[in-house]
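Here is how the chains run, residue by residue.
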Amino acid sequence: MAPEGVEQRRPHLLMVPLEEQGHFVVYVQLLYYLSRFDIRVTVCSTTKRNRELAELQSRGAFKDLDLRLEDAFFESDAATRANQVGATPALWTVVSDMNDQFKPYLSRLLDEQDPDAKPSFMLADFFLTWAQEAADKLNIPRYMMFTTPAWAAWSTMTGKVENWEARPDDPVTPPGMFSMRIGDCLPPKLPSLVDFRDAAGLLCNSFEELEGGMTDALRALIQKHPTSSGKVTKVLPIGPMLRLPGNPDPDAVEHGSSDCLKWLDLQAPASVLYVALGTQAKVGVETFAAIAQGLEASGVPFLWALRLSPGAEDLSSVLLPAFIERTKGRGFVETKFAPQLQILNHPSTGGHLSHCGWNSTIESICTGVPVISLPLHGDQPLNARSVPCLCQLSLSYGSFAVVRCMILLSAFLPTDLSLISRKNWRKRNLHAEAGMCRALAEMFKTGLTIPKPNGVLAGDDVLQSIRSVMLGEEGLQLRRNAQGLKKAARASQEEGGSSNINVKCFVEEVLASVS
């Protein structure tokens, strides 16, 4: 508390995100929530991203938030920043460049005489390994933002995985967890545990009901490595962040606000497969051809969000004109902006063929839409393997309890299955529950992954996956399970829910940073 007669300094949160859409969007979602608190927030980003925030402000977003925008970073060459397999060295070039570009702003902050102009707390993207040094110079706490699930935070913190490229199919079993492929871990050049020891905490865009066992294991790992001050880095899943209070209603259904939504309005309920493979990764012509073959043969209505790459003159440079003609009316190809959340929320949408980037996975969970997974790189393969194996355990409990554990498969059927217990589970029931989970893994799914034998995607495999999700009894069961998971996601952000409690804990730390 400030001495009597001295005005209390306001908490000042400095946000330092990466500019990539998948990273930046979660900071925007957090800003909506922070608008209800007496906090000053400075977003340190690129001119382009800050203009987007200013545009949102002009339309009434964050209206009660004291938001400052600092153009500290330059937009990078899109080709350099391309988020594709093998792009890790390019990413670290970007991270290093951001460090250099941040230094003049840091010097200004260190010389600043106005206490309110200096931040009292920092929240920085987990890729920005230099952020802790900056926080130390400012003498403020730093939280790390993981825009990923908790498993990715754990994988990152284990440090380098030996021979990752040489042995991608070999299993690795983290202590007390489940078996996974080395190739499904994050690239080995990500930050190691050393980079986390002085962080006050980390936020991740997940929720306890989805990854409770993994977050417990992550906390146990961190418990063994306290900060230099003796404190233990906090682990706070606060997702799904698009459901944080103050955000636009993720359950809202829009009709007719764009051409693709107008087309959806004309389709039967739960009949349309939405196809979207993200905006970052480069997708080969062969992959497009296989997807097109499967879509055409399935007879299922589809909405395909297909952003043309720079230099592409029209759709015929990616898809055969004959395919476009033969599926005319049954299919809609959106080459401009596709409002993904509105598409997934639309009653006509019955499935999502996705690259399984984490934000897309979260949006599918929040809208209750089953997923057909076609992972491309990064965290996507493991996200994809997680989706089919989120087991519903409410059958024998008499109350709603979805996804009390995450079961990961090294293949479609589990050969080495382990159950990660929640704190409130009775130890004497673990073996019985593990057996039940193993059985339910085959019965209760929220999606499936398209097989790619020898790394090659075949149109027939796409066809079979589409039929499984969109047609028949299996698809109906997938939708029922996806709706159950949607309820769990909503409950986590309601008053007293796990993410609601965790995000309040984070805000309390920010508020206390000036006391």
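See above for the structure.
Please read all numbers here as calculations on a predicted model, not as lab measurements.

What to know about the environment of V369
Thought 1: For V369, the location among the structural elements is in the loop between α11 (358–367) and β14 (371–373).
Thought 2: A relative accessible area of 5% places V369 in the buried class.
Thought 3: Residue contacts for V369: discarding those within four places in its chain leaves L344, T349, G350, G351, H352, S364 and A482.

Here's the deal with the pattern of salt bridges
Thought 1: Taken as a whole, this structure holds 16 salt bridges when the rule is applied.
Thought 2: Residue E52 is joined to R49 by a salt bridge in which the shortest nitrogen-to-oxygen separation is 2.8 Å. Taken together, the positions of E52 and R49, both in helix α2 (residues 47–58) and 3 residues apart, correspond to about one turn of that helix.
Thought 3: Two residues, R68 and D66, come together in a salt bridge whose shortest N-O distance is 2.8 Å.

Quick look at the sheet that holds strand β5 (residues 142–146)
Thought 1: Across the sheet, which stays open at both edges, the 7 strands sit in the order β3-β2-β1-β4-β5-β8-β9 with parallel pairing between neighbours. If you trace the sheet from one side to the other, it starts and ends with β3 (66–73) and β9 (234–237), each paired once. On average, adjacent strands in this sheet sit at an angle of 20° to one another, irrespective of strand direction.
Thought 2: Bridge analysis of strand β2 (residues 40–46) against β3 gives 7 bridges, and the strand direction is parallel.

Considering the packing of helix α8 (residues 285–298) against helix α14 (residues 459–470)
Thought 1: As a packed pair, α8 and α14 sit with axes 7 Å apart at the nearest point and diverge in direction by 45°. When the axis of α8 is compared with that of α14, the two are oblique. Relative to α14, α8 is oriented so that their crossing is right-handed. Facing α8, whose interface residues are A290, I291, Q293, G294, L295, A297 and S298, α14 presents G459, D460, V462, L463, I466 and R467.
Thought 2: Within the contact of α8 with α14, the residues separate by chemical class into 7 nonpolar, 4 polar and 2 charged.

Reading the values: the criteria
- Residues numbered from 1 in each chain as written.
- Predicted model: local features only at pLDDT ≥ 70, side-chain atom pairs only at ≥ 80, totals over all residues.
- Heavy atoms only, no water.
- Helix = DSSP H or I, 4+ residues; strand = E, 2+ residues; numbered from the N terminus.
- Buried < 20%, exposed > 50% of the residue type's maximum accessible area, 1.4 Å probe, protein only.
- Contact = heavy atoms within 4.5 Å.
- Salt bridge = Lys/Arg side-chain N within 4 Å of Asp/Glu carboxyl O.
- Pairing = 2+ DSSP bridges.
- Axes fitted to C-alpha atoms, helices over the stretch in contact; angles between N-to-C directions.
- Parallel < 35°, antiparallel > 145°, perpendicular 65-115°, else oblique.
- Left-handed = near helix turned anticlockwise from the far one by under 90°.
- Nonpolar A, V, L, I, M, F, W, Y, C, P; charged D, E, K, R; others polar.

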